[in-house]
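Chain by chain, the residues run as shown.
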Amino acid sequence: MSNKVDLKNNQSNKKPKPADYLNIAICSLIMIFFFISMFFTTNGGVSQQEKRDLATFPKLSELTAEKFFSGDFLSQIDEFYKDNFVHRQEFLALSDNINTLKGIDSEIKMTVVSNTTSNNSANATQSNADDDSDKDMYKNVEQVGTLLSIDDIVCEGYGFNEPTVNNYAKTIKKYGDTLNANVYNILIPTHVEFALPSKYKNLASEQKPVIDLVNSKLGKNVTPVDAYSILKQHKTEYIYFRSDHHWTQLGAYYAYTKFCETAGLKPCNLDDYPLKKVTGFLGTLYNGSKEKKLADNPDVVEYRPVGGDLTATIYQNSSLTKKLEYSPYSDYSTGSNAYGTFLHGDNPLTIIKNPDIDSSKKVVVIKESYGNAFAPLLTQNYGEVYVIDPRYFNDNLSDFVDKHKITDVIFINNMIAVGSQNRVDELNKLLK
């Protein structure tokens, strides 16, 4: 009993240390900062980093007693402040860096899958042609977590997923049979296809046989565009980023010229436009690997804003009620978001108009983010270019094509997206 009393007396006589006061002061300052910041928040918008709409403040006109007492209304307010506090993106980046130091994986997940291409489904035999397009560009490969570090670049691996690839082909064929327009399909190989040295081919499935497999199943109403051959021809050029999973505008331009050749159009000359650069770009593969070699030599987003007095109407939410008027090229995208230079990132619908081109020539591009660098180039051939991201667009595509009197529809996807069931489900959603 006396021991307990003594312990209690010792605790009551213990004086706070300076560190205790410091902790209280820091916590108080943080609370004050976030309280004041509540009065300077934005309202909704789109998070390009998280690929989703941000919460908006609930309308007071929709407040009911039931919503208030159930907690739904207050939960909406809570979600609003979580999504819109000041410098939110910077705090998310800081949190990711802290988690990395703690050894906690980032939300960015890249998967390396060993070569599982079936000989019955896709012929994996390489060409024996003795030219530069068949020579290795790099020598050394190291697996960094779930990524491949190849000399001075980092790549995602690629694994052939036969059921999903077949589902993708079946979906595109349905569009060819359904839409009242010319339908084209462009499959883009990812960087690893050309970067991986031949002696390490077991680390990734080959993509060319899979592309051929898809094209063989598209039916007579879909025209495949052979982007693979022209990208392979130019593989030693800067057509993919070293620290990011996307291609560059130059890579997109080569695919664009192949599309024009297939569709009977004359491609624009990229060199006719001034070169602009965004330096210091460290993309998703740097975030996933934290490779020092990438930080020491960041990517440069080089782009040429192609022609005319272009206007882009960007719809920022899935209900297509919030829109902004911009140029197709962003001059504010920097750092890890520098790929947002093209089309200001991913949005449900973007409409680009070129008054110098016949407005009756209209094209829809159904894309994931690889299409962002590709779509603006089409403004030199079409008076109106409609860009749809099925991750966020909810309308029926057939109705959309008929309503806007679209003449051509282009599906463009990188090969990892083609093997994603989520991607196939998003495309099927537009058939509803």
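Every value quoted in this text rests on a predicted model; they were computed, and no experiment measured them. (Residues numbered from 1 in each chain as written. Predicted model: local features only at pLDDT ≥ 70, side-chain atom pairs only at ≥ 80, totals over all residues. Heavy atoms only, no water.)

Trainee: Break down the overall build of the chain for me, citing the residues and quoting the values.
Mentor: Looking only at helices and strands, the chain features 16 helices and 15 strands. For the chain, the proportion of its 432 residues judged to be buried stands at 46%. A fraction of 74% describes how many contacts in the chain between residues 6 or more apart in sequence connect residues 24 or more apart. Surface summary for the chain: the accessible area is close to 22000 Å², and the carbon and sulfur share equals 52%. (Helix = DSSP H or I, 4+ residues; strand = E, 2+ residues; numbered from the N terminus. Buried < 20%, exposed > 50% of the residue type's maximum accessible area, 1.4 Å probe, protein only. Contact = heavy atoms within 4.5 Å. Areas by Shrake-Rupley, 256 points an atom, 1.4 Å probe, with all protein chains shown as cover.)

Trainee: So, the environment of Tyr254: which residues are in play, and what are the values?
Mentor: Checked against the element boundaries, Tyr254 lands in helix 10 (residues 249-263). For Tyr254, the residues in contact, after removing those within four places along its chain, are Ile230, Leu231, His234, Glu237 and Ile239. Reaching out from Tyr254, the side chain makes a polar contact with the side chain of His234 at a distance of 3.3 Å. (Polar contact = N/O pair within 3.5 Å; in protein donor to acceptor, adjacent residues only side chain to side chain.)

Trainee: Tell me about the sheet that holds strand 3 (residues 141-144), and please be specific about residues and values.
Mentor: Within a sheet, adjacent strands bond to each other through the backbone by hydrogen bonds, running parallel or antiparallel. Taken in spatial order, the three strands make up an open sheet running 3-4-5, and their pairing is antiparallel. Edge strands, defined here as strands with exactly one partner in the open sheet, are strand 3 and strand 5 (153-155). For this sheet the average axis-to-axis angle between neighbouring strands, irrespective of direction, equals 30 degrees. Bridge analysis of strand 3 against strand 4 (residues 147-150) gives four bridges, and the strand direction is antiparallel. Looking across to strand 4, one finds that Gln143 is bridged to Leu148. (Pairing = 2+ DSSP bridges. Axes fitted to C-alpha atoms, helices over the stretch in contact; angles between N-to-C directions.)

Trainee: Residue-level account of the packing of aromatic side chains, with values.
Mentor: Considering all chains together, one arrives at 16 aromatic pairs under this definition. Ring geometry for Tyr184 against Phe259: centres 5.1 Å apart, planes inclined by 85 degrees, an arrangement best described as edge-to-face. Residue Tyr184 is found in strand 6 (residues 182-188), and its partner Phe259 is found in helix 10; the two are separated by 75 residues along the sequence. Judged by relative accessible area, Phe259 falls into the buried class, the value being 0%. Positioned above the aromatic ring of Tyr228 is the side chain of Lys208, whose terminal nitrogen or guanidinium carbon lies 5.8 Å from the ring centre. Taking NZ or CZ as reference, Lys361 lies 5.8 Å from the ring centre of Tyr382, over its face. (Phe/Tyr/Trp six-rings, centres within 6.5 Å; stacked < 30°, edge-to-face > 60°. Lys NZ or Arg CZ within 6 Å of the ring centre and 35° of its normal.)

Trainee: Would you mind going over the pattern of salt bridges in detail, with residue names and values included?
Mentor: Applying the stated criterion across every chain yields a total of 15 salt bridges. We note a salt bridge from Lys292 to Asp296, for which the minimum N-O separation is 2.7 Å. Highlighted residues: Lys292 and Asp296, both in helix 12 (residues 292-296), separated by four residues, approximately one helical turn. Pair check on accessibility: Lys292 and Asp296 agree, each one exposed. Measuring nitrogen to oxygen at the nearest pair gives 3.2 Å for the salt bridge that ties Arg391 to Asp346. Taken together, the residues Arg391 in the loop between strand 14 (384-388) and helix 14 (397-403) and Asp346 in the loop between strand 11 (323-326) and strand 12 (349-353) connect sequence positions 45 residues apart. (Salt bridge = Lys/Arg side-chain N within 4 Å of Asp/Glu carboxyl O.)

Trainee: How would you explain the confidence of the model for the chain if you had to name every residue and give the values?
Mentor: Overall, the prediction assigns the chain a mean pLDDT of 85, with 80% of residues at 70 or greater. Long-range and interchain partners of residues 96-130, a stretch whose pLDDT sits below 50, account for 53 contacts in this model, where long-range means more than four residues apart. (pLDDT = per-residue confidence, 0-100.)

Trainee: Please give an account of the sheet that holds strand 7 (residues 222-225) that cites residues and values.
Mentor: Overall, mixed pairing links the eight strands, which are arranged 7-6-15-13-14-12-10-11 in an open sheet. Bordering the open sheet on either side are strand 7 and strand 11, each of which pairs with just one other strand. Here the average twist between neighbouring strands, direction ignored, is 20 degrees. Note that strand 6 and strand 15 (residues 408-414) share seven bridges and pair parallel. Considered in strand 15, the bridge of Leu187 is made with Asn413.

Trainee: Give a detailed account of helix 10, specifying residues and quantitative values.
Mentor: Along its 15 residues, helix 10 runs 20 Å from first to last C-alpha, staying within 8% of the 21 Å computed at 1.5 Å per residue. In terms of burial, helix 10 is largely enclosed, as 11 of its 15 residues are buried. Considering only its buried residues, helix 10 is in contact with strand 6, strand 7, helix 9 (227-233), strand 9 (299-303), helix 13 (371-374) and strand 15. Remark: Gly264 follows helix 10 within two positions and exhibits a positive phi of approximately 75 degrees. (Expected span 1.5 Å × (residues − 1).)

Trainee: Tell me about the nonpolar core, and please be specific about residues and values.
Mentor: Most often, soluble globular proteins keep nonpolar side chains buried together rather than apart. Ranked by internal contacts, the top residues of the largest apolar core, which has 98 residues, are Trp247 and Phe259. Residue contributions to this core peak at seven residues, all from helix 10. In this structure Phe259 touches Tyr184, Ile186, Val225, Leu265, Phe374, Leu378, Tyr382 and Ile410, once residues within four positions along its chain are discounted. (Core = buried A, V, L, I, M, F, W, Y, C linked by side-chain atoms within 4.5 Å.)

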